[in-house]
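# An overview of the molecular structure
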Amino acid sequence: MYQKEIKESNENIIFNSIFFTEQSFSIPDLTKRTNMTFPTIKRVINEFLEKNIIVEWNLSSGGIGRRAVKYKFNPDFCYSIGVSIDEKELKFILMNSVGTILLSDKVKIENEDFLVFLIESIKKFISKADEKYIKKIIGIGISIPGIYNKENNFLEFYGDVRYSTDILKDIGDEVGYPVWAENEANMSILAEAIIGKYKELSDFTVITINNKVTCSTFHKFGDKSEEYFFKASRVHYMVVDYENQKKVGDLISFKVLKNSILENFPEITDIEEFFSNKKYRYSAKGKNIVNDYLTYMGIILKNLIFTYNPKKLIVCGELSKYSNYLLEQIARIVYPKDHIFYRGKETLTFSKFKGNSSIVGAALFPIVDKMM
(Lines give C-alpha, C1' and ligand atoms only; values in the text may rest on other atoms or scores of the structure.)
Protein backbone atom coordinates (compact mmCIF):
# COMPACT_ATOMS: atom_id res chain seq x y z
CA MET A 1 0.00 0.00 0.00
CA TYR A 2 1.20 3.51 -0.78
CA GLN A 3 -0.12 6.42 1.24
CA LYS A 4 0.89 9.92 0.33
CA GLU A 5 1.88 11.86 3.44
CA ILE A 6 0.25 15.26 3.84
CA LYS A 7 3.04 17.76 3.35
CA GLU A 8 2.37 21.09 5.00
CA SER A 9 5.15 23.06 3.35
CA ASN A 10 4.05 26.12 1.42
CA GLU A 11 6.00 24.94 -1.62
CA ASN A 12 4.10 21.65 -1.81
CA ILE A 13 0.72 23.32 -1.36
CA ILE A 14 1.38 25.88 -4.08
CA PHE A 15 2.85 23.26 -6.42
CA ASN A 16 -0.33 21.20 -6.08
CA SER A 17 -2.38 24.29 -6.77
CA ILE A 18 -0.64 25.08 -10.05
CA PHE A 19 0.08 21.52 -11.26
CA PHE A 20 -3.57 20.69 -11.77
CA THR A 21 -4.45 23.66 -13.94
CA GLU A 22 -3.53 24.57 -17.50
CA GLN A 23 -4.62 28.17 -17.01
CA SER A 24 -2.35 31.10 -16.26
CA PHE A 25 -2.49 32.51 -12.74
CA SER A 26 -1.38 35.48 -10.69
CA ILE A 27 -0.23 35.84 -7.09
CA PRO A 28 -3.65 37.26 -6.10
CA ASP A 29 -5.24 34.17 -7.70
CA LEU A 30 -3.09 31.92 -5.52
CA THR A 31 -3.80 33.89 -2.33
CA LYS A 32 -7.52 33.18 -2.84
CA ARG A 33 -6.90 29.56 -3.79
CA THR A 34 -4.55 28.71 -0.91
CA ASN A 35 -5.47 31.26 1.81
CA MET A 36 -1.79 32.20 2.07
CA THR A 37 -0.47 35.72 2.36
CA PHE A 38 0.82 37.69 -0.61
CA PRO A 39 4.45 37.82 0.70
CA THR A 40 4.51 34.04 1.30
CA ILE A 41 3.27 33.26 -2.20
CA LYS A 42 5.59 35.85 -3.71
CA ARG A 43 8.57 34.13 -2.06
CA VAL A 44 7.55 30.69 -3.38
CA ILE A 45 6.81 32.09 -6.84
CA ASN A 46 10.33 33.55 -6.99
CA GLU A 47 11.77 30.16 -6.02
CA PHE A 48 9.67 28.43 -8.70
CA LEU A 49 10.81 30.95 -11.30
CA GLU A 50 14.46 30.26 -10.43
CA LYS A 51 13.85 26.50 -10.77
CA ASN A 52 11.89 27.04 -14.02
CA ILE A 53 8.84 25.30 -12.52
CA ILE A 54 6.81 28.29 -13.73
CA VAL A 55 7.35 30.98 -16.36
CA GLU A 56 6.01 34.49 -16.72
CA TRP A 57 3.10 34.35 -19.11
CA ASN A 58 1.64 37.81 -19.69
CA LEU A 59 0.16 40.81 -17.90
CA SER A 60 -3.43 40.48 -16.81
CA SER A 61 -5.81 42.87 -18.52
CA GLY A 62 -8.54 45.08 -17.11
CA GLY A 63 -8.80 47.19 -13.99
CA ILE A 64 -7.09 50.40 -13.00
CA GLY A 65 -3.44 50.81 -12.05
CA ARG A 66 -0.65 48.30 -12.34
CA ARG A 67 -1.74 44.94 -13.65
CA ALA A 68 -0.77 41.69 -11.92
CA VAL A 69 1.88 39.54 -13.59
CA LYS A 70 0.55 36.22 -14.82
CA TYR A 71 2.45 32.96 -14.62
CA LYS A 72 2.02 29.52 -16.10
CA PHE A 73 3.16 26.07 -15.04
CA ASN A 74 6.07 24.75 -17.10
CA PRO A 75 5.50 21.02 -17.75
CA ASP A 76 9.09 20.62 -18.94
CA PHE A 77 10.74 21.88 -15.77
CA CYS A 78 11.69 18.26 -15.06
CA TYR A 79 11.62 14.81 -16.60
CA SER A 80 11.41 11.31 -15.20
CA ILE A 81 11.81 7.75 -16.40
CA GLY A 82 9.27 4.96 -16.14
CA VAL A 83 10.24 1.29 -16.31
CA SER A 84 7.73 -1.53 -16.68
CA ILE A 85 8.77 -5.12 -15.96
CA ASP A 86 6.95 -8.03 -17.55
CA GLU A 87 7.79 -11.72 -17.78
CA LYS A 88 9.58 -11.33 -21.10
CA GLU A 89 10.55 -7.70 -21.55
CA LEU A 90 11.40 -4.36 -20.04
CA LYS A 91 9.69 -1.21 -21.29
CA PHE A 92 11.01 2.31 -20.82
CA ILE A 93 9.64 5.81 -21.25
CA LEU A 94 11.05 9.29 -20.66
CA MET A 95 8.25 11.68 -19.73
CA ASN A 96 7.69 15.29 -18.73
CA SER A 97 5.76 16.26 -15.61
CA VAL A 98 2.29 16.09 -17.20
CA GLY A 99 2.59 12.79 -19.03
CA THR A 100 3.98 13.70 -22.45
CA ILE A 101 6.15 10.76 -23.56
CA LEU A 102 9.34 11.98 -25.22
CA LEU A 103 11.27 8.73 -25.69
CA SER A 104 10.35 5.04 -25.42
CA ASP A 105 12.02 1.69 -25.88
CA LYS A 106 11.72 -1.96 -24.93
CA VAL A 107 14.12 -4.90 -24.61
CA LYS A 108 13.63 -8.63 -24.18
CA ILE A 109 14.74 -9.92 -20.80
CA GLU A 110 17.86 -12.04 -21.22
CA ASN A 111 18.61 -15.16 -19.23
CA GLU A 112 21.21 -13.70 -16.90
CA ASP A 113 21.44 -12.00 -13.50
CA PHE A 114 18.26 -9.94 -13.56
CA LEU A 115 19.52 -7.02 -11.48
CA VAL A 116 22.63 -6.65 -13.61
CA PHE A 117 20.47 -6.77 -16.74
CA LEU A 118 18.00 -4.23 -15.32
CA ILE A 119 20.70 -1.76 -14.34
CA GLU A 120 22.52 -2.02 -17.66
CA SER A 121 19.25 -1.67 -19.60
CA ILE A 122 18.33 1.49 -17.67
CA LYS A 123 21.77 2.95 -18.38
CA LYS A 124 21.46 2.17 -22.10
CA PHE A 125 18.05 3.83 -22.25
CA ILE A 126 19.31 6.96 -20.51
CA SER A 127 22.22 7.13 -22.96
CA LYS A 128 19.72 7.39 -25.84
CA ALA A 129 18.10 10.53 -24.40
CA ASP A 130 18.96 14.06 -25.45
CA GLU A 131 21.28 15.88 -23.04
CA LYS A 132 18.62 18.56 -22.46
CA TYR A 133 16.43 15.86 -20.90
CA ILE A 134 19.15 14.01 -19.01
CA LYS A 135 20.22 17.01 -16.95
CA LYS A 136 16.65 17.54 -15.68
CA ILE A 137 15.70 13.92 -14.84
CA ILE A 138 14.61 13.76 -11.19
CA GLY A 139 14.15 10.03 -10.77
CA ILE A 140 13.10 6.61 -12.05
CA GLY A 141 9.90 4.74 -11.21
CA ILE A 142 9.68 0.97 -11.72
CA SER A 143 6.36 -0.82 -12.22
CA ILE A 144 6.55 -4.45 -11.08
CA PRO A 145 4.02 -7.27 -11.54
CA GLY A 146 5.09 -8.69 -8.18
CA ILE A 147 4.86 -7.44 -4.61
CA TYR A 148 6.34 -4.35 -3.01
CA ASN A 149 6.00 -4.78 0.75
CA LYS A 150 7.29 -1.94 2.90
CA GLU A 151 6.26 -3.53 6.19
CA ASN A 152 8.39 -6.65 5.63
CA ASN A 153 11.06 -4.90 3.56
CA PHE A 154 10.92 -7.00 0.38
CA LEU A 155 9.88 -6.77 -3.25
CA GLU A 156 9.46 -9.12 -6.20
CA PHE A 157 10.42 -7.66 -9.56
CA TYR A 158 8.78 -10.66 -11.23
CA GLY A 159 8.58 -14.35 -10.48
CA ASP A 160 9.09 -15.55 -6.92
CA VAL A 161 12.58 -14.15 -6.26
CA ARG A 162 12.47 -11.68 -3.38
CA TYR A 163 14.87 -8.81 -2.82
CA SER A 164 15.31 -6.44 0.08
CA THR A 165 13.76 -3.05 -0.65
CA ASP A 166 17.24 -1.65 0.01
CA ILE A 167 18.09 -2.86 -3.48
CA LEU A 168 16.35 0.24 -4.88
CA LYS A 169 19.05 2.48 -3.38
CA ASP A 170 21.72 0.23 -4.87
CA ILE A 171 20.09 0.50 -8.30
CA GLY A 172 19.84 4.27 -7.87
CA ASP A 173 23.50 4.52 -6.98
CA GLU A 174 24.42 2.54 -10.10
CA VAL A 175 22.27 4.51 -12.57
CA GLY A 176 22.77 7.92 -10.98
CA TYR A 177 19.15 8.76 -10.08
CA PRO A 178 16.86 7.93 -7.14
CA VAL A 179 14.60 4.94 -7.80
CA TRP A 180 11.04 4.14 -6.70
CA ALA A 181 9.08 0.90 -7.21
CA GLU A 182 5.47 -0.18 -6.82
CA ASN A 183 3.09 -2.90 -7.97
CA GLU A 184 1.82 -2.30 -11.51
CA ALA A 185 -1.81 -1.89 -10.39
CA ASN A 186 -0.78 0.83 -7.95
CA MET A 187 1.19 2.51 -10.72
CA SER A 188 -1.91 2.37 -12.94
CA ILE A 189 -3.91 3.92 -10.11
CA LEU A 190 -1.37 6.74 -9.89
CA ALA A 191 -1.65 7.53 -13.59
CA GLU A 192 -5.45 7.55 -13.46
CA ALA A 193 -5.57 9.58 -10.23
CA ILE A 194 -3.04 12.26 -11.17
CA ILE A 195 -3.39 12.90 -14.91
CA GLY A 196 -6.14 10.52 -16.04
CA LYS A 197 -9.67 11.11 -17.19
CA TYR A 198 -11.08 10.33 -13.74
CA LYS A 199 -8.67 12.33 -11.57
CA GLU A 200 -11.57 14.16 -9.92
CA LEU A 201 -13.01 10.97 -8.43
CA SER A 202 -12.63 10.37 -4.70
CA ASP A 203 -12.55 6.58 -5.12
CA PHE A 204 -12.19 4.06 -7.90
CA THR A 205 -10.81 0.60 -8.57
CA VAL A 206 -8.36 -0.50 -11.24
CA ILE A 207 -7.85 -4.00 -12.62
CA THR A 208 -4.66 -4.24 -14.66
CA ILE A 209 -4.78 -7.11 -17.14
CA ASN A 210 -1.32 -7.89 -18.44
CA ASN A 211 0.47 -11.25 -18.27
CA LYS A 212 -0.43 -10.99 -14.62
CA VAL A 213 -3.73 -9.67 -13.29
CA THR A 214 -3.43 -7.11 -10.52
CA CYS A 215 -5.97 -4.94 -8.79
CA SER A 216 -5.78 -1.75 -6.73
CA THR A 217 -8.21 0.58 -5.03
CA PHE A 218 -7.85 4.34 -4.70
CA HIS A 219 -9.37 6.55 -2.01
CA LYS A 220 -8.97 10.27 -1.47
CA PHE A 221 -9.64 11.14 2.15
CA GLY A 222 -9.39 14.93 2.07
CA ASP A 223 -9.79 18.00 -0.09
CA LYS A 224 -6.11 18.32 -0.90
CA SER A 225 -4.80 16.48 -3.95
CA GLU A 226 -2.08 14.75 -1.92
CA GLU A 227 -4.45 13.28 0.70
CA TYR A 228 -4.96 9.79 -0.67
CA PHE A 229 -3.94 6.16 -0.45
CA PHE A 230 -4.08 3.17 -2.74
CA LYS A 231 -3.64 -0.52 -2.06
CA ALA A 232 -3.01 -3.44 -4.41
CA SER A 233 -4.41 -6.95 -3.98
CA ARG A 234 -3.10 -10.23 -5.36
CA VAL A 235 -6.19 -10.98 -7.40
CA HIS A 236 -4.10 -12.99 -9.89
CA TYR A 237 -4.10 -15.91 -7.43
CA MET A 238 -7.77 -15.77 -6.43
CA VAL A 239 -9.59 -19.02 -7.28
CA VAL A 240 -12.78 -18.43 -9.29
CA ASP A 241 -13.34 -21.88 -10.80
CA TYR A 242 -13.26 -24.22 -7.80
CA GLU A 243 -14.21 -27.34 -9.75
CA ASN A 244 -11.11 -27.06 -11.92
CA GLN A 245 -9.05 -25.07 -9.39
CA LYS A 246 -8.61 -22.24 -11.90
CA LYS A 247 -7.27 -18.92 -10.68
CA VAL A 248 -7.94 -15.45 -12.08
CA GLY A 249 -4.55 -15.47 -13.80
CA ASP A 250 -5.36 -18.81 -15.44
CA LEU A 251 -8.51 -17.39 -16.99
CA ILE A 252 -8.22 -13.69 -17.85
CA SER A 253 -4.54 -12.76 -18.01
CA PHE A 254 -3.68 -11.14 -21.32
CA LYS A 255 -1.40 -14.00 -22.31
CA VAL A 256 -4.31 -16.44 -21.90
CA LEU A 257 -6.35 -14.53 -24.48
CA LYS A 258 -3.36 -13.94 -26.76
CA ASN A 259 -2.21 -17.57 -26.68
CA SER A 260 -5.72 -18.83 -27.37
CA ILE A 261 -6.05 -16.58 -30.42
CA LEU A 262 -2.61 -17.42 -31.82
CA GLU A 263 -3.10 -21.16 -31.30
CA ASN A 264 -6.47 -21.17 -33.09
CA PHE A 265 -5.35 -18.80 -35.85
CA PRO A 266 -1.70 -19.67 -36.59
CA GLU A 267 -1.71 -17.42 -39.64
CA ILE A 268 -2.09 -14.38 -37.36
CA THR A 269 1.11 -12.78 -36.10
CA ASP A 270 -0.43 -9.98 -34.05
CA ILE A 271 -3.51 -9.98 -31.83
CA GLU A 272 -4.59 -6.63 -33.31
CA GLU A 273 -5.13 -8.45 -36.61
CA PHE A 274 -7.64 -10.73 -34.93
CA PHE A 275 -9.74 -7.90 -33.55
CA SER A 276 -9.56 -5.63 -36.58
CA ASN A 277 -10.36 -8.36 -39.11
CA LYS A 278 -14.00 -9.48 -38.95
CA LYS A 279 -13.11 -12.71 -40.74
CA TYR A 280 -11.36 -13.88 -37.59
CA ARG A 281 -13.28 -12.06 -34.89
CA TYR A 282 -16.74 -13.09 -36.13
CA SER A 283 -15.83 -16.66 -37.06
CA ALA A 284 -17.25 -19.45 -34.90
CA LYS A 285 -13.85 -20.04 -33.30
CA GLY A 286 -13.25 -16.34 -32.81
CA LYS A 287 -16.62 -15.79 -31.11
CA ASN A 288 -16.05 -18.77 -28.80
CA ILE A 289 -12.63 -17.51 -27.74
CA VAL A 290 -13.91 -14.03 -26.89
CA ASN A 291 -17.14 -15.27 -25.27
CA ASP A 292 -15.32 -17.75 -23.02
CA TYR A 293 -12.75 -15.16 -22.02
CA LEU A 294 -15.28 -12.42 -21.29
CA THR A 295 -17.55 -14.80 -19.37
CA TYR A 296 -14.82 -15.40 -16.81
CA MET A 297 -13.79 -11.75 -16.91
CA GLY A 298 -17.41 -10.83 -16.13
CA ILE A 299 -17.40 -13.05 -13.03
CA ILE A 300 -14.24 -11.39 -11.76
CA LEU A 301 -15.42 -7.84 -12.47
CA LYS A 302 -18.73 -8.53 -10.72
CA ASN A 303 -16.84 -9.73 -7.64
CA LEU A 304 -14.76 -6.56 -7.62
CA ILE A 305 -17.85 -4.36 -7.93
CA PHE A 306 -19.63 -6.20 -5.12
CA THR A 307 -16.51 -5.97 -2.94
CA TYR A 308 -15.52 -2.34 -3.49
CA ASN A 309 -18.63 -0.61 -4.92
CA PRO A 310 -16.36 1.78 -6.85
CA LYS A 311 -17.49 4.93 -8.60
CA LYS A 312 -15.46 3.66 -11.53
CA LEU A 313 -13.95 0.28 -12.32
CA ILE A 314 -11.17 0.92 -14.82
CA VAL A 315 -9.67 -1.88 -16.91
CA CYS A 316 -5.98 -1.13 -17.53
CA GLY A 317 -3.07 -3.03 -19.01
CA GLU A 318 -2.53 -4.58 -22.43
CA LEU A 319 -6.18 -5.60 -22.67
CA SER A 320 -7.29 -1.96 -22.60
CA LYS A 321 -5.85 -1.51 -26.11
CA TYR A 322 -8.88 -3.42 -27.40
CA SER A 323 -11.60 -1.53 -25.57
CA ASN A 324 -13.36 -0.62 -28.84
CA TYR A 325 -14.02 -4.32 -29.43
CA LEU A 326 -14.67 -5.49 -25.87
CA LEU A 327 -16.30 -2.80 -23.73
CA GLU A 328 -19.85 -3.12 -25.00
CA GLN A 329 -19.89 -6.92 -24.74
CA ILE A 330 -18.32 -7.10 -21.27
CA ALA A 331 -20.68 -4.36 -20.04
CA ARG A 332 -23.67 -6.47 -21.11
CA ILE A 333 -22.26 -9.46 -19.23
CA VAL A 334 -21.52 -7.54 -16.03
CA TYR A 335 -24.72 -5.48 -16.11
CA PRO A 336 -27.71 -7.54 -17.29
CA LYS A 337 -31.10 -5.84 -17.13
CA ASP A 338 -31.85 -7.34 -13.71
CA HIS A 339 -28.50 -6.50 -12.09
CA ILE A 340 -28.50 -5.44 -8.44
CA PHE A 341 -25.46 -3.19 -8.39
CA TYR A 342 -25.77 0.24 -6.80
CA ARG A 343 -24.57 1.89 -10.01
CA GLY A 344 -25.10 1.09 -13.68
CA LYS A 345 -22.85 0.06 -16.56
CA GLU A 346 -21.31 3.54 -16.77
CA THR A 347 -19.19 2.36 -13.82
CA LEU A 348 -17.18 0.08 -16.09
CA THR A 349 -14.64 1.65 -18.42
CA PHE A 350 -11.28 1.03 -20.05
CA SER A 351 -8.20 3.15 -19.48
CA LYS A 352 -7.42 5.91 -21.97
CA PHE A 353 -3.72 5.09 -21.59
CA LYS A 354 -4.13 2.04 -23.87
CA GLY A 355 -1.76 -0.32 -22.09
CA ASN A 356 0.60 2.37 -20.78
CA SER A 357 -1.10 3.24 -17.51
CA SER A 358 1.36 1.38 -15.27
CA ILE A 359 4.49 2.73 -16.97
CA VAL A 360 3.06 6.28 -17.04
CA GLY A 361 2.29 5.93 -13.34
CA ALA A 362 5.84 4.70 -12.76
CA ALA A 363 7.25 7.79 -14.48
CA LEU A 364 4.91 10.00 -12.45
CA PHE A 365 6.00 8.47 -9.14
CA PRO A 366 9.21 10.52 -8.69
CA ILE A 367 7.36 13.74 -9.54
CA VAL A 368 4.48 13.01 -7.16
CA ASP A 369 6.72 11.86 -4.33
CA LYS A 370 9.24 14.71 -4.56
CA MET A 371 7.02 17.63 -5.51
CA MET A 372 3.53 16.97 -4.13
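For every chain, the first residue of its written sequence is number 1, and the numbers climb from 1 along that sequence. This being a predicted model, a pLDDT of at least 70 is required before a residue's local features are given, and a value of 80 or more before pairs of side-chain atoms are given or counted; all residues contribute to the totals for chains, interfaces and linings. Hydrogens and water are ignored here; the side-chain numbers use all heavy atoms of the structure.

## Quick notes on the layout of surface pockets
Quick note on the threshold: Here a cavity denotes a set of grid points, spaced 1 Å apart and computed over the protein atoms alone, in which a 1.4 Å probe fits but from which it cannot get out, and a pocket denotes an open set meeting protein on both sides within 12 Å along at least five of seven lines; residues with an atom within 4 Å of a point are reported as lining. Grid points are joined across faces, edges and corners, and a volume is the space filled by probe spheres set on the points. Secondary structure elements follow DSSP: runs of H or I no shorter than four residues count as helices, runs of E no shorter than two count as strands, and numbering proceeds from the N terminus. Basically, the charged four are Asp, Glu, Lys and Arg, the nonpolar ten are Ala, Val, Leu, Ile, Met, Phe, Trp, Tyr, Cys and Pro, and anything else, Gly included, counts as polar.
Here the largest pocket defines a volume of roughly 850 Å³. Around the largest pocket sit 35 residues that line it, and Asp 86, Glu 89, Lys 91, Lys 258 and Glu 318 are the ones nearest its centre. The set of elements that each furnish at least two residues to the lining of the largest pocket consists of β5 (79-85), β6 (89-96), β7 (101-108), α9 (254-264), α10 (271-276) and α14 (357-371). Its residues placed into classes, the lining of the largest pocket shows ten nonpolar, nine polar and 16 charged.

## A few points about the packing of aromatic side chains
Put simply, the rule is: A pair of aromatic rings is counted whenever rings of Phe, Tyr or Trp (Trp by its six-membered ring) have centres within 6.5 Å, and the orientation is called stacked for planes under 30 degrees apart, edge-to-face for over 60 and tilted otherwise. Burial classes: relative accessible area under 20% of the type maximum marks a residue as buried, over 50% as exposed, and values in between as partly exposed (1.4 Å probe, protein chains only). Either the NZ atom of lysine or the CZ atom of arginine qualifies as a charge over a ring when it sits within 6 Å of the ring centre and within 35 degrees of the ring normal.
Scanning the entire structure with this criterion turns up 19 aromatic pairs. Taken together, a centroid distance of 5.6 Å and an interplanar angle of 25° make the contact between Phe 15 and Phe 19 stacked. On the criterion of helical spacing, the pair formed by Phe 15 and Phe 19 is a turn pair, its members being four residues apart in helix α1 (residues 10-19). In this structure Phe 15 comes out as buried when scored by relative accessible area, which is 1%. With 5.1 Å between their ring centres and 80° between their planes, Phe 274 and Phe 275 make a pair best called edge-to-face. Of the residues examined, Phe 275 reaches a relative accessible area of 1% and is grouped as buried. By the ring-pair criterion, three or more aromatic residues cluster together here, those being Phe 254, Phe 265, Phe 274, Phe 275, Tyr 280, Tyr 322 and Tyr 325. The ring of Trp 57 is capped by Lys 72, whose NZ or CZ atom sits 4.3 Å from the centre of that ring.

## A closer look at helix α2 (residues 27-34)
Note the threshold: What the arc measures is the spread of directions leading from the helix axis to the C-beta atoms. Contact definition: two residues touch when any of their heavy atoms are within 4.5 Å.
Among the residues of α2, those classed as buried are Ile 27, Leu 30, Thr 31 and Thr 34. Down the axis of α2, the buried set is contained in an arc of 105°. They therefore lie on one face. Elements in contact with the buried residues of α2: α1, β2 (25-26), α3 (38-50) and β4 (69-73). Two residues or fewer past α2, Asn 35 is found with a positive phi of approximately 65°.

## A word on unusual backbone geometry
A negative phi angle characterises most non-glycine residues, just as the trans form characterises most peptide bonds. The backbone of Gln 245 shows a phi angle near 55°, a positive value even though the residue is not glycine. One can find Gln 245 in the loop between β16 (239-241) and β17 (246-247). With phi around 50°, Lys 354 is a residue other than glycine that occupies positive phi space. Along the chain, Lys 354 turns up in the loop between β19 (348-350) and α14.

## Points about the packing of helix α7 (residues 184-194) against α14
We count it as follows: Throughout, an axis means a line fitted to C-alpha atoms (over the contacting stretch in the case of helices), and angles, computed between N-to-C directions, take values from 0 to 180 degrees. Comment on the angle field: the value is read as roughly parallel under 35 degrees, roughly antiparallel over 145, roughly perpendicular from 65 to 115, and oblique elsewhere.
In contact at an axis separation of 7 Å, α7 and α14 are set at 70° when each is read in the N-to-C sense. As summarised for this structure, α7 and α14 are arranged roughly perpendicular, according to the angle between their axes. Only Ser 357, Ser 358, Val 360, Gly 361, Ala 362, Leu 364, Phe 365 and Val 368 of α14 make contact with α7, whose side of the interface consists of Glu 184, Met 187, Ser 188, Leu 190, Ala 191, Glu 192 and Ile 194. Classifying every residue of the contact of α7 with α14 by side-chain character gives nine nonpolar, four polar and two charged.

## Some details on the confidence of the model for the protein
The condition is simple: The pLDDT value expresses, per residue, how confident the predictor is, ranging between 0 and 100.
Here the protein averages 89 in pLDDT, while 93% of its residues score no lower than 70. Of all helices and strands in the protein, the one with the weakest mean pLDDT is strand β1 (residues 2-3) (52), whereas β5 scores best (97).

## Topic: the sheet that holds strand β11 (residues 163-164)
Selection criterion: Two strands pair if DSSP finds at least two bridges between them.
Reading across the sheet, the three strands line up as β9-β10-β11 and stay open at both edges, with antiparallel pairing between neighbours. Only two strands of the sheet have a single partner each, and these edge strands are β9 (148-149) and β11. Pairing between β9 and strand β10 (residues 154-155): two bridges, direction antiparallel. Residue pairing in the sheet places Tyr 148 in a bridge with Leu 155 of β10.

## Comments concerning the sheet that holds β7
A sheet is described by the order of its strands in space; here five strands give the open sequence β7-β6-β5-β8-β12, paired in mixed fashion. The sheet terminates laterally at β7 and β12 (179-183), the two strands that pair on one side only. Strand after strand, the sheet turns through a mean of 20° between neighbouring axes, direction not considered. As defined by bridge partners, β6 adjoins β7 across seven bridges and the pair is classed as antiparallel. Pairing of Met 95 across the sheet is with Ile 101, part of β7. Where helix α4 (residues 114-127) meets the sheet, its contacts fall on β5, β6, β7 and β8 (137-144), and the angle it forms with β6 comes to roughly 35°.

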